[in-house]
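# Fold and geometry: a report
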Amino acid sequence: MKKQLLVIFIATVSLVIIACGNDATGPGSTGDWFPLSVNNWWNSEMDGYWISTAQDSIVWTGSFEGRITDLLEHSSGFPVYEIREYKTLSNTLDDSTWTTVDTTFTYFQITNEELRCYDDTTSTEYEIWLKFPVTLDETWAHADSSDKTMQVIDIDATITVASGTFSNCVVVRETDPAGSEFSFVDHYYHRGTGPVKTILSVSTEDLYAEIDLQSYNTQ
């Protein structure tokens, strides 16, 4: 059961690999909330735990290495940026430890209205990670086939991660009204650098995890 939850967890936090930055301008129209340019890269680290109702616990530590590897054309005729993410996750349960390694690819499109994420370059369905302009309390469906919703809960947050303290961040909360695998995931973004920190919390279990930026290079 713990390994099954781990798979769900990795899928939930995938793509949350970047960072916040300092900018006095605050939220604007589209802004450069996720800097899309080939060879941009972000390295983050994760720490978390899960204590089950049986009182046994699992500890997670890991790294997320993301890089924009290519600019491609979607089959519908618009450009998408390919992001390769390499994930290494160490799992400690009682006296046993195992490591999960995975490489995934996703494809991002930015329009005047939305930041969209596709699973490949042919599918027509996409997830909406941001809506522009970023507006406090705005809520939208994550994807047409999903019960998950996104809501802007802050537009002037300050957060401290391994690479420093950053201000003027926006925070987008991802929730699942069906109450399946998590209570909420908070995504921190900043114009010019991208999503910074991710916090995942589950109220029905004693489960908590954070992903913090360690280093990055954007242009």
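Just above sits the structure.
Described in the following lines is the structure provided in the data block. (Residues numbered from 1 in each chain as written. Predicted model: local features only at pLDDT ≥ 70, side-chain atom pairs only at ≥ 80, totals over all residues. Heavy atoms only, no water.)

## A few points about the sheet that holds strand E11 (residues 194-202)
The condition is simple: A pair of strands is labelled paired if DSSP reports no fewer than 2 bridges between them. Only DSSP runs of H or I with at least four residues qualify as helices, and only runs of E with at least two residues qualify as strands; both kinds are numbered from the N terminus onward. For every element, the axis is a line fit to its C-alpha atoms; helices are fit only across the contacting stretch, and the angle between N-to-C directions ranges from 0 to 180 degrees.
Pairing in this open sheet of 12 strands is antiparallel, and the strands run E6-E5-E4-E3-E2-E1-E12-E11-E10-E9-E8-E7 from one edge to the other. Of all the strands in the sheet, just strand E6 (127-131) and strand E7 (139-141) have a single pairing partner and so form its edges. Mean inter-strand twist for the sheet, computed between neighbouring axes without regard to direction, equals 25 degrees. Two strands pair when backbone bridges link them, and E7 and strand E8 (residues 149-161) are joined in this way by three bridges, in the antiparallel orientation. When the sheet's bridge partners are listed, threonine 139 is paired in E8 with glutamine 151.

## Regarding the pairing of strand E9 (residues 164-175)
Bridge count for E8 against E9 is nine bridges, and the pairing is antiparallel. Pairing of aspartate 154 across the sheet is with valine 171, part of E9. If you look at the hairpin formed by E8 and E9, you'll find two residues sitting between the two strands. Looking at chain direction, E9 and strand E10 (residues 184-190) are connected through five bridges and run antiparallel. Each residue of the ladder has a partner; that of valine 172, found in E10, is histidine 187.

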